[in-house]
Amino acid sequence: MEKNESQLYPRDEHSMLSEAELEKLGLRNQAPSPSVCTRIQKIRCSGSAAKSLLYQLLPILTWLPRYPVKEWLLKDIISGFSVGIMHLPQGLAYALLAGLPPVTGLYSSFYPVLLYFFFGTSRHISVGPFAVISVMIGSVTDSLEPSSKYLEITNDTNKTAIINYVQRDAARVELVAALTFLVGTFQVALGLLQFGFVAIYLSEPLVRGYTTAASVQVLISQLKYIFGFDVEEYSGPLSLIYTFLEICKRLPETNMGTLVTSLIAFVCILLVKMLNDRFAKKIPLPIPVELLTIIISTAISYGARLNTNFGISVVGDIPSGMRPPEVPNVNYFGKVVGNSFAIAMVGYVICISLGKIFALKHGYTVDSNQELIALGLSNFVGSFFQCYSISCSMSRSLVQESTGGHSQVAGLVSCLIILATILKIGELFYELPKAILAVIILANLKGMFKQFKDIPELWKSNFVDLLIWLVTFIATIVLNLDMGLGVAVVFSLLTVVFRTQMAQYSILGQVSKTGIYRNVAEYDKAEKIPGVTIFRSSATVYFANAELYAGALKKKCGVDVDNLIKRKKKALKKTEKKAKKEAKKEAKKNKKIVPEAINGCDFGNNNLGFIDIDMGAKSQEPSGDCNGGDLIVPEHNGSVKDLEPQINIQPQPCYKPTLESLGLEKPPLHSLILDFTPVNFVDTVCIKTLKNIFRDFREIEVDVYLVGCHASVITELERGSFFSETITKHHLFASVHDAVTYVTRKQGGNLPRTATAMLNTKM
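Treat the numbers as computed from the prediction; the structure is a model and nothing was measured. (Residues numbered from 1 in each chain as written. Predicted model: local features only at pLDDT ≥ 70, side-chain atom pairs only at ≥ 80, totals over all residues. Heavy atoms only, no water.)

1. Quick notes on the overall build of the protein
- Broken down by element type, the protein carries 32 helices and 13 strands.
- For the protein, the proportion of its 763 residues judged to be buried stands at 46%.
- Partitioning the intrachain contacts of the protein with sequence separation of at least 6 by distance along the chain shows that 80% fall at a separation of at least 24. (Helix = DSSP H or I, 4+ residues; strand = E, 2+ residues; numbered from the N terminus. Buried < 20%, exposed > 50% of the residue type's maximum accessible area, 1.4 Å probe, protein only. Contact = heavy atoms within 4.5 Å.)

2. A closer look at the pairing of strand β12 (residues 703-707)
- The element β12 is extensively covered by neighbouring structure, given that 4 of its 5 residues are classed as buried.
- With 5 bridges joining them, strand β11 (residues 671-675) and β12 adopt parallel strand pairing. Pairing of Leu674 across the sheet is with Leu706, part of β12.
- The handedness of the β11 to β12 crossover, carried by helix α29 (residues 684-699), is right-handed.
- Pairing geometry for β12 and strand β13 (residues 732-733), over 2 bridges, is parallel. Bridging across to β13, Leu706 finds its partner in Leu732.
- Considered for its hand, the β-α-β crossover made up of β12, helix α30 (residues 711-719) and β13 is right-handed. (Pairing = 2+ DSSP bridges. Right-handed = clockwise from strand over helix to strand, strands pointing away.)

3. Concerning the pairing of strand β8 (residues 532-537)
- Across the 6 residues that make up β8, a large majority, 5, are buried.
- In the sheet, strand β5 (residues 505-511) pairs with β8 via 4 bridges, with the strands oriented antiparallel. Pairing of Tyr505 across the sheet is with Ser537, part of β8.
- When β8 meets β11, the two strands line up parallel, connected through 5 bridges. Looking across to β11, one finds that Thr533 is bridged to Leu672.

4. Considering the side chain of Thr141
- Along the polypeptide, Thr141 turns up in helix α10 (residues 131-144).
- Reaching out from Thr141, the side chain makes a polar contact with the backbone oxygen of Gly138 at a distance of 2.9 Å.
- Beyond its immediate chain neighbours, meaning those up to four positions away, Thr141 contacts Ala98, Gly99, Pro146, Arg172, Leu175 and Val176. (Polar contact = N/O pair within 3.5 Å; in protein donor to acceptor, adjacent residues only side chain to side chain.)

5. Things to note about a positive patch on the surface
- Side chains of Lys577, Lys580, Lys581, Lys584, Lys585, Lys588, Lys589 and Lys591 sit close together on the surface and give a patch of like positive charge.
- Note that Lys581 resides in helix α27 (residues 561-599). (Patch = residues over 30% accessible without salt bridge, like charges linked within 9 Å, V, L, I, M, F, W, Y side chains within 5 Å. Areas by Shrake-Rupley, 256 points an atom, 1.4 Å probe, with all protein chains shown as cover. Salt bridge = Lys/Arg side-chain N within 4 Å of Asp/Glu carboxyl O. Lys, Arg positive; Asp, Glu negative; His and termini not counted. Charge placed at Lys NZ, Arg CZ, Asp CG, Glu CD.)

6. A few points about the packing of α10 against helix α12 (residues 204-227)
- At their nearest, the axes of α10 and α12 sit 9 Å apart, and the two run at 60° to each other. Crossing geometry of α10 relative to α12 is assigned as left-handed. Taken together, the residues of α12 that come into contact with α10 (itself represented by Ala131, Val132, Val135 and Met136) are Tyr210, Thr211, Ala214, Gln217 and Val218.
- The residue inventory of the contact of α10 with α12, partitioned by class, reads 7 nonpolar, 2 polar and no charged. (Axes fitted to C-alpha atoms, helices over the stretch in contact; angles between N-to-C directions. Left-handed = near helix turned anticlockwise from the far one by under 90°. Nonpolar A, V, L, I, M, F, W, Y, C, P; charged D, E, K, R; others polar.)

7. Concerning the packing of aromatic side chains
- Taken as a whole, this structure holds 30 aromatic pairs when the rule is applied.
- Centroid distance Tyr542 to Phe543: 5.1 Å. Interplanar angle 90°. Geometry classified as edge-to-face.
- Classification of Tyr542 as buried rests on a relative accessible area of 10%.
- Take Phe543: its relative accessible area is 58%, and that puts it in the exposed class.
- Among the aromatic residues, ring-to-ring pairing joins Trp63, Tyr67, Trp72, Phe117 and Phe118 into one connected group.
- Geometry around Phe723 places Lys729 over its ring, the cationic atom sitting 5.6 Å from the centre. (Phe/Tyr/Trp six-rings, centres within 6.5 Å; stacked < 30°, edge-to-face > 60°. Lys NZ or Arg CZ within 6 Å of the ring centre and 35° of its normal.)

8. Description of helix α25 (residues 481-501)
- For α25, which comprises 21 residues, the first-to-last C-alpha distance of 30 Å matches the rise-based estimate of 30 Å (1.5 Å per residue) to within 8%.
- Buried residues belonging to α25 abut α10, α12, α17 (333-362) and α24 (463-479). (Expected span 1.5 Å × (residues − 1).)

9. Section: helix α9 (residues 111-119)
- With 7 of 9 residues buried, α9 lies mostly within the body of the structure.
- Three or more residues of α9 are buried, namely Tyr111, Pro112, Val113, Leu115, Tyr116, Phe117 and Phe119.

10. Focus: the pattern of salt bridges
- For the coordinates displayed, the defined rule picks out 17 salt bridges.
- Note that Asp696 and Lys554 form a salt bridge whose closest N and O atoms lie 3.1 Å from each other. With a gap of 142 residues between them, Asp696 in helix α29 and Lys554 in helix α26 (residues 546-556) connect regions that are remote in the sequence.
- In this structure Asp696 comes out as buried when scored by relative accessible area, which is 9%.
- Two residues, Glu701 and Lys666, come together in a salt bridge whose shortest N-O distance is 3.9 Å. Of this pair, Glu701 sits in the loop between α29 and β12 while Lys666 sits in the loop between β10 (640-643) and β11, placing them 35 residues apart in sequence.
- By relative accessible area, which is 41% here, Lys666 ends up partly exposed.
- Each of Lys554, Asp562, Arg695 and Asp696 takes part in salt bridges that share partners, so that together they form one network.

11. Describing the side chain of His87
- On the secondary structure map, His87 appears in helix α7 (residues 69-97).
- We classify His87 as buried; its relative accessible area is 1%.
- Contacts of His87, omitting those with residues within four sequence positions, involve Ser109, Val113, Ser126, Val127, Gly128, Pro129, Arg396, Ser414 and Ile418.

12. What about the environment of Asp738?
- Looking at where Asp738 falls in the secondary structure, it is placed in helix α31 (residues 736-746).
- Asp738 sits in the buried class, given a relative accessible area of 12%.
- When the C-alpha atoms of Asp738 and Val707 are compared, they prove to be 8.5 Å apart, with 31 residues separating the residues in sequence.

13. A closer look at a nonpolar patch on the surface
- A contiguous nonpolar patch, built from Leu193, Phe195, Phe197, Ile200, Tyr201 and Leu493 and spanning about 600 Å² of accessible area, is present on the exposed surface.
- Here Ile200 shows up in the loop between α11 (165-192) and α12.

14. So, the packing of α7 against helix α19 (residues 394-402)
- Interhelical geometry of α7 versus α19 gives an angle of 170° and a closest axis separation of 9 Å. When the axes of α7 and α19 are compared, the pair comes out roughly antiparallel. In contact with Ser79, Ser82, Val83, Met86, His87, Gln90 and Tyr94 of α7, α19 contributes Ser395, Arg396, Val399 and Gln400.
- Tallied by class, residues from the contact of α7 with α19 come to 4 nonpolar, 6 polar and 1 charged. (Parallel < 35°, antiparallel > 145°, perpendicular 65-115°, else oblique.)

15. Structural notes on the confidence of the model for the protein
- Averaged over all residues, the pLDDT of the protein is 82; the fraction at 70 or higher stands at 85%.
- Counting interchain partners and residues more than four positions distant, the pLDDT-below-50 stretch residues 1-14 has 8 contacts.
- Here residues 601-654 is a poorly scored stretch, pLDDT under 50, and it has 56 contacts once near neighbours within four places are set aside; other chains count. (pLDDT = per-residue confidence, 0-100.)

Have a look at this one:
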């Protein structure tokens, strides 16, 4: 029966395998790094590789030949028409937000969308002008090309100063074209270098806090159009606060006609949007309230001559037709390179986040690197046609998806509507009040302002994410959009470091007769193994927390390691000092004894007047058998012979003194097990810290073992010269239970019993 049990349950024998034995049994080998020739062969051009690259860069070649015309075409046309009539008012409004002529918003709603149709991988997002990107661009135009730079003195008697809007708008268009060119260059370069993963550094709380702060910036920037007066343009830190304070000071100058027009339009838009949300399932298409508002307000403004009679500011001339391409002005590159990188990252993160949401919902995948390339090409090519940087709009994307859109054919249809507007319809909006565009912008911020609900939710769920949200929001409000984003990213990354430095350190115990080990402070049934301490950190160990790890270990192991080592060193010094004193005493005695022994011998006629015997040197240099040296004396015939000393001189011991031999109490543990399961990498600081831990605990006669090391961690330990004659792979085990079993057997104690083992015994 015992023989059968040993055959059926060989667990105990193989569970004791150390890493060295496991590598020998499993024949571990390290895959050699590929040579340069091998890598060159992999990137060698071939017909299949070129075809694969072409399909990767042009996703339209993959899905368009298999496009189900009967099932999808009609829905895509309806969806594209719905999105197109949203593009028109939002393009005009967001151009105003960016400080540009309204027609640039129409251009940005056409060229980039057309390019994304060929290169994009998301089927449902609607790319084009977006409020957050527009306000980021607006901060650049206000700082580098402010209106005050284009003030001109009139020739009338009052000598009043007016703004030359034509020159200002032309300079801003050149500036934004250069900015958009760099944005596209950054995005294409990052996409080709497979850097699509950079989006992970902008976490969801960071993005939501940033877009919420940007929506506040949008709100304050549009108040001047709502109240109908001009304010001074500020840039840099605290610019938003200065702008808000000036708006408050100039409230008595409010144009009542503009304010009334804005309030009426705002209420109407909100009411219709609420109806669209409430009856979304009952009406086939949402009511295009923004387009209707633009048409109606333009008609009223034209009929009532609001600009002439009430001083309401209007959009003005919108040139019809397409503009020829122009090369961006390179003189602006050095001034906008930092802003362009920030806009590139924010625009990409918003697109990829929304694209992945729709892809998960509808069961397809979005290539993050290709999305970078698609957005980059849209911006890069658009910069030659007076477009500004684009991203994707949440409101338009939701409409495109909810109205049945299945592919980017819907985007192509929306392009045709915008094209018709650019060619013929745009000039009809000359009398459109700017306040209406501001109202459309504010009405579309409703979803972003709802993100303030994140604060109580994050307070309940994750305080660190709440800090990231709040720091991002406050930094963006106070420092402006570009510097606020930099501060937010740095703070978000620092929280990762802080979390590793504030790791939870725990002592593990065996959970009631199982092979599972848990924190003894959290599990009442987790019992410590006698003489064994199992230590675990919840974070990886590296340069930022290695010292904290070692300190927590020495604190939780129940032994004052440093104090015990210090006492041992003192005891060793005391013992050595005492041994030296005894050696000196013995040497003096031997000097007295040896002449007497020589005088008692008969040496014949040989007269030796002086014999020099260095006994002190002999007594302090133990021979191989640890005995004292022999004395050399002459024989009767004048030769020399060895003479055994009469008193045995005790040399220094050849063995290493133990704590007990030094009169010190041994620690209550004989083995320390470090659980490295949470550790996914080690650096040189960690390796040095581990060596110090092994050395210190070896000094107090405690064996140290590592368990749960991943293969990559073992490789890094090998490269870091961690293993030596004293630290071998026999100190590494695959699991905590394996190590506990090994050290228990080594100490001759009772093995930890598990439920499986007890069942086997009963059988």
